[in-house]
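Structural description and commentary
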Amino acid sequence: MESIELNQFWEQIKAELLEALPDNAHPWIHPLVISGYDKGVLTVVTGQIMGRDLLRKNHYKQIVDVLKKITQNENSDFNIIYDANAAKSLKKESDKLQKKVAAAAMKEQAMENLSYMQSASNLNLKYKFENFVVGENNKFAHAVAMAVAKAPAQKYNPLFIYGNSGLGKTHLMQAIGHYTLFNNPKLKVKYTKTEDYINDFISNSRNSKDQVENMSKFNRKYTNIDIILIDDIQFIEGKKKTMDQMQHTFDSLYNKGKQIVITSDRLPKDIPNLTAALDSRFAMGLMIELTAPDEDTRFEIIKKLANDNGLVFEEKALRYIAKNFSKNVRELEGAFNKVCAFAEITEQELDLKLAKEVLKCNETENEISIELIAEVTAQYYNVDIKDIKGTARGQKISTARHIAIYLAREITEKSFVNIADYYNKKHTTIMFAYEKVKKEICVNRDLSSAVREIKQALKVI
Ligand code: ADP
Ligand code: MG
């Protein structure tokens, strides 16, 4: 037995002995330390001669019975030695070990408490900083979130994270919660989806005999905390009463010096009918945008998933997935999971061939060609695609042609030369058209809204 096991074994026997032996024997039992256990024979050391003699004389049989009961060994025996020095040093050793065991138990308890708090806070265990891949697109947002997690309510309050769906807003926001709970378990963290807040408010503010009590419970729930994480605030749109209540919650937390973190898929000014009061409150701290990750970051995100799950894969397969799923990390993960599931079910390797086979349809679906852009632009301007591709110089046709060229360069990965081939023109002409539109959309509203609408028709925004 390892010494730590030996000690635990002895602790178990000692507890039984204290149960089995009369109280007057207890003072002799307590100072005993184990020195060995071999082939059923337990050897203990004592620094008290009288203890040795009394235990031997009066309790030998009881001690052996306890041993037999615990070890289920009929050949159990008990041996007690007097050695004052050995007893002292063994006692020291055993105390140390006991402390270790107690510390391990405390740590286990702390981890249990932590996971309890994480679930009480409504946090998803996956959404931690450790699982968040930092790239060019999100390094600023990540750094700010980390700063908030390290020193809540001291710098950026509120922190308003916005960006398109599936780019990691919820993940980053919850990472703040996990980090805080882990490093400062005394702080109370609450994650709430805006829909849940709305529903909670509606059901508690309903007219009833308990309305006052319900509302004060509601207020306690959302303000008796140190960090509130409010996800997807855009869903509050048009809910005037909930907005007023949210303002109340906000002020109450803010005035007590508590951290507020909010996410949204758009800026406050783009949330329909957001009250001016909330709009100005959201702008009081820092607003940061999460944008789509570049290809390398996308690759790292799925590579991390693969590594964390102990999967064997061909890098090219992940490159292929990262290349083809560029707008949304959730979809990127979905594509990766689909290929993994396929590999697992069909017992194939996760390689490029398989990834292509599984995702093929998505790839062609996602691919926007120069041709498709020309078609959609022609439809938008109600002109013939042949004219766009030709040399006609009418105002409408040349605008359509220029926009189609501009979008071909912006949306596809094709070079000016490729685009020139399609239009059967010189590549300098294509470059000129591209630059012209690029400059003009900054100053010409009609042009910029035409570009936006065509992009919408192409489903790239
Ligand atoms: P949002 O709230 O912006 O819609 P989520 O936070 O729900 O997006 O993210 C969608 C999925 O993508 C989640 O599974 C999340 O873990 C993952 N994800 C997003 N960004 C990253 C990143 N930088 N590193 C790792 N995983 C990410
Ligand atoms: Mg989200």
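Described in the following lines is the structure provided in the data block. (Residues numbered from 1 in each chain as written. Chains lettered and ligands numbered in written order. Predicted model: local features only at pLDDT ≥ 70, side-chain atom pairs only at ≥ 80, totals over all residues. Heavy atoms only, no water.)

**Points about the side chain of Asn-7**
Defined as follows: By definition, any uninterrupted DSSP run of H or I lasting at least four residues is a helix, any uninterrupted run of E lasting at least two residues is a strand, and each is numbered from the N terminus. Each residue's exposure class comes from its accessible area (1.4 Å probe, protein chains only) as a fraction of the maximum for that residue type: buried when under 20%, exposed when over 50%, partly exposed otherwise.
Within the secondary structure layout, Asn-7 lies in helix H1 (residues 3-20). Its relative accessible area of 7% is what places Asn-7 among the buried residues.

**Points about the site of ligand 1**
For the record, the criterion: It suffices for a single heavy atom of a residue to lie within 4 Å of a molecule or strand for the residue to be listed as near it. Exposure was quantified through the Shrake-Rupley algorithm and a 1.4 Å probe, taking into account, for residues, occlusion by the shown protein chains and nothing else. Lys, Arg, Asp and Glu make up the charged group, whereas Ala, Val, Leu, Ile, Met, Phe, Trp, Tyr, Cys and Pro make up the nonpolar group; the residues left over, Gly among them, are polar.
Close contacts around ligand 1 come from 18 residues, with Lys-126, Val-133, Gly-166, Thr-170 and His-171 the closest. In isolation ligand 1 offers 560 Å² of accessible surface; the protein chains occlude 95% of this area. Here the residues of the shell around ligand 1 are counted per class, giving six nonpolar, eight polar and four charged.

**Some points on the side chain of Asn-137**
Applied cut-off: Whether two residues are in contact is decided by their heavy atoms: any pair within 4.5 Å suffices.
Inspection of the secondary structure puts Asn-137 in the loop between helix H4 (84-120) and helix H5 (139-150). Here Asn-137 is in contact with Thr-291, Ala-292, Pro-293 and Thr-297, once residues within four sequence places are set aside.

**Points about helix H13 (residues 329-345)**
Cut-off, in case you're wondering: One fewer than the residue count of a helix, multiplied by 1.5 Å, yields its expected span. As used here, the arc belongs to the directions running from the helix axis to the C-beta atoms. Polar contact criterion, stated in full: a pair of N or O atoms within 3.5 Å, where within protein one must be able to donate a hydrogen and the other to accept it, and residues adjacent in sequence count only if both atoms are side-chain atoms.
Its 17 residues give H13 an end-to-end C-alpha distance of 24 Å, which sits within 8% of 24 Å, the value for a rise of 1.5 Å per residue. Every buried residue of H13 is accounted for by Val-329, Leu-332, Glu-333, Ala-335, Phe-336, Val-339, Cys-340 and Ala-343. Axial view of H13: buried residues confined to an arc of 160°, hence all on one face. More than 90 degrees from the buried face of H13, the exposed residues found are Arg-330 and Ile-345. Among the residues of H13, the N-terminal cap falls to Asn-328, whose side-chain oxygen and the backbone nitrogen of Arg-330 are separated by 2.7 Å. Residue Glu-347 follows H13 closely and has a positive phi angle near 55°.

**Digging into the sheet that holds strand S4 (residues 159-162)**
Our working definition: Two strands are counted as paired when DSSP detects at least two bridges linking them. Inter-axis angles, ranging from 0 to 180 degrees, are taken between N-to-C directions of lines fitted to C-alpha atoms, where helices are fitted over the stretch in contact.
Taken together, the five strands give an open sheet; going across it, the order is S5-S6-S7-S4-S8, and neighbouring strands pair in parallel fashion. Only two strands of the sheet have a single partner each, and these edge strands are strand S5 (189-193) and strand S8 (286-289). Taken pair by pair, the neighbouring strands of this sheet meet at an average axis angle of 15°, ignoring direction. Where S4 lies against strand S7 (residues 259-264), four bridges are found, and the strand directions are parallel. Of the residues in S7, the one forming a bridge with Leu-159 is Val-261. Its contacts with the sheet put helix H7 (residues 194-205) on S5 and strand S6 (227-231), and the angle it makes with S5 is roughly 90°.

**Considerations on the sheet that holds strand S3 (residues 77-82)**
An order of S1-S2-S3 is seen for the three strands of this open sheet, with the pairing classed as mixed. Only two strands of the sheet have a single partner each, and these edge strands are strand S1 (33-38) and S3. Ignoring which end each strand starts from, the neighbouring axes of this sheet average 20° apart. Summarising the sheet, S1 and strand S2 (residues 41-46) pair through five bridges and their orientation is antiparallel. Pairing of Gly-36 across the sheet is with Thr-43, part of S2. Running at roughly 90° to S1, H4 makes contact with S1, S2 and S3 of the sheet.

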